Amino acid sequence: MSAVTDTSSSLAHPLPLRIARVRPADATSPDEAFYVANDAPDFDSPAGRRWTVTTTPFPGSRANAASPARPGWEEGSEVDEDAFAFLAPCAPANVLGMAHNTGAPGRALPLQAFHKAATSVIGPGEAIEAPAGARVEPEAELTVVIGKPARHLTLEDAMDAVLGFTIGNDVTDRDAQGADELWISAKSADTFTPLGPWIVTSRPGPSSEVGVAIAGAALPAGTIADLGWGVEEILVYASSFMTLRPGDVILTGFPGQSGAVAAGQSVECRIGGIGVLKNEVVAAAL
């Protein structure tokens, strides 16, 4: 693959990129993380599994700073996929989700966001902690990753603020959701926002499927076209009341069907054109 040195304006890059935040397999500190990029169109090919170390795509964002240099991980170095573990692709200061954003019924209602705690974010392969006795459901969602500070965006310039897209799992405690009008307790528990496995800088098409598989069983999927409000409209809305920061994410809504998960099961969130985000479910500590 070609070397990648500048991801700050990735949507204008001549080739679509995948950008990942990773930890070397022999890292001695849990805080060690690097950014790598790949422009191979076949994610599972040998080229698709060989990545180039790059600079952080979130300049000025302390939450997404890269690690100090280490031998073999200098900018431009190539690393094999088996030499690292994927982390959440960004460390957002703000995590927003969109309520009732499916199809015509969603569009008939005003745009409405909810907040998820940044501490709920985990990466691929990390465990979702399900409270005992609670009905916990995963939701696969096209997730917008902000690449530059943005306020008062318009439909015409909204995409200028976007670095790319990843998969978000809007894990929800349905029992808590029914008792909490703001949904904060239902959606902000530790581990309730898996993100990953990478950011893609090409925009998935409207026919891209969005779905969930629980314990290997796929549930009926929807498509991006089934969302009520589009990405640009969501960005205009969110930036109308807050400044979006590099590394912030917006989960756009789940158009498919979900179901309850239990400890010992796996969850796979799939979006066409991005990939698969997989996490195991464990019982939350009391």
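Residues numbered from 1 in each chain as written. Predicted model: local features only at pLDDT ≥ 70, side-chain atom pairs only at ≥ 80, totals over all residues. Heavy atoms only, no water.

Comments concerning the environment of Y35
- Inspection of the secondary structure puts Y35 in strand 2 (residues 34–38).
- Take Y35: its relative accessible area is 2%, and that puts it in the buried class.
- Here the alpha-carbon distance between Y35 and G125, two residues 90 residues apart in the chain, equals 18 Å.
- Only 3.4 Å separates the side chain of Y35 from the side chain of N64, close enough to count as a polar contact. (Helix = DSSP H or I, 4+ residues; strand = E, 2+ residues; numbered from the N terminus. Buried < 20%, exposed > 50% of the residue type's maximum accessible area, 1.4 Å probe, protein only. Polar contact = N/O pair within 3.5 Å; in protein donor to acceptor, adjacent residues only side chain to side chain.)

A short note on the pairing of strand 2
- Most of strand 2 sits out of view: 5 of its 5 residues are buried.
- Residues F34, V36 and N38 of strand 2 are buried on one face, and the alternating residues Y35 and A37, pointing to the opposite face, are buried as well.
- Examined bridge by bridge, strand 1 (residues 18–24) and strand 2 share 5 bridges and lie antiparallel to one another. Opposite I19, over in strand 2, you have A37 as the bridge partner.
- Bridging between strand 2 and strand 3 (residues 50–54) involves 3 bridges; their strand directions are antiparallel. Across the sheet, V36 pairs through a bridge with V53, a residue of strand 3. (Pairing = 2+ DSSP bridges.)

Here we look at the nonpolar core
- F165, L235 and I250 are the most contacted members of the largest nonpolar core, which totals 53 residues.
- Once you skip the residues sitting within four places of it in the chain, L235 turns out to touch V144, I146, L153, A158, M159, V162, L244 and I250. (Core = buried A, V, L, I, M, F, W, Y, C linked by side-chain atoms within 4.5 Å. Contact = heavy atoms within 4.5 Å.)

Some details on the pairing of strand 20 (residues 275–283)
- Here 3 bridges tie strand 9 (residues 128–130) to strand 20, and the two strands are oriented parallel to one another. What sits directly across from A130, in strand 20, is A283.
- Inspection of the sheet shows strand 19 (residues 266–271) paired to strand 20 by 6 bridges, in the antiparallel sense. Bridge pairing in strand 20 places R270 opposite V276.
- What sits between the antiparallel neighbours strand 19 and strand 20 is a turn of 3 residues, in which G273 has the positive phi angle 90°.

Overview of the pattern of salt bridges
- Applying the stated criterion to the full structure yields 14 salt bridges.
- We note a salt bridge from R203 to E232, for which the minimum N-O separation is 2.7 Å. You can see R203 sitting in the loop between strand 14 (193–200) and strand 15 (209–214) and its partner E232 sitting in helix 4 (residues 231–239), a full 29 residues away along the chain.
- One connected set of salt bridges, linked through shared partners, spans R135, E137, E139 and R174. (Salt bridge = Lys/Arg side-chain N within 4 Å of Asp/Glu carboxyl O.)

Considering the UniProt feature "domain: Fumarylacetoacetase-like C-terminal" (unreviewed entry) in the protein chain
- The residues that UniProt annotates with the feature "domain: Fumarylacetoacetase-like C-terminal" (unreviewed entry) are residues 104–282.
- Secondary structure content for residues 104–282 is 13% helix and 35% strand, and the end C-alpha separation is 36 Å. (UniProt positions renumbered as here; feature names shortened; annotations may be inferred.)

What to know about helix 4
- What helix 4 keeps buried is the set V231, I234, L235, A238 and S239. The buried residues of helix 4 occupy an angular sector of 115° when the element is viewed end-on, so they sit on one face.
- Structurally, helix 4 contributes buried residues whose contacts are with strand 6 (95–98), strand 11 (140–146), strand 12 (162–169) and strand 18 (249–251). (Arc of directions from axis to C-beta.)

Points about the layout of surface pockets
- If you add up the space inside the largest pocket, you get close to 350 Å³.
- Residues belonging to the lining of the largest pocket are distributed by class as follows: 13 nonpolar, 2 polar and 5 charged.
- Here the second largest pocket is characterised by a volume of approximately 160 Å³.
- Looking at the lining of the second largest pocket, its residues break down into 8 nonpolar, 2 polar and 1 charged. (1 Å grid on protein atoms, 1.4 Å probe; cavity = no way out; pocket = protein on both sides within 12 Å on 5 of 7 lines; lining within 4 Å. Points joined across faces, edges and corners; volume = space filled by probe spheres on them. Nonpolar A, V, L, I, M, F, W, Y, C, P; charged D, E, K, R; others polar.)

Some remarks on unusual backbone geometry
- The peptide bond linking G196 to P197 adopts the cis configuration, its omega dihedral lying at 0°.
- Checked against the element boundaries, P197 lands in strand 14.
- Positive phi, close to 35°, is recorded for H100, a residue that is not glycine.
- Secondary-structure assignment places H100 in the loop between strand 6 and helix 1 (103–107).
- Phi at A215 is positive, roughly 55°, even though this residue is not glycine.
- Within the secondary structure layout, A215 lies in the loop between strand 15 and strand 16 (217–218).
- For A215, a relative accessible area of 49% translates into the label partly exposed.

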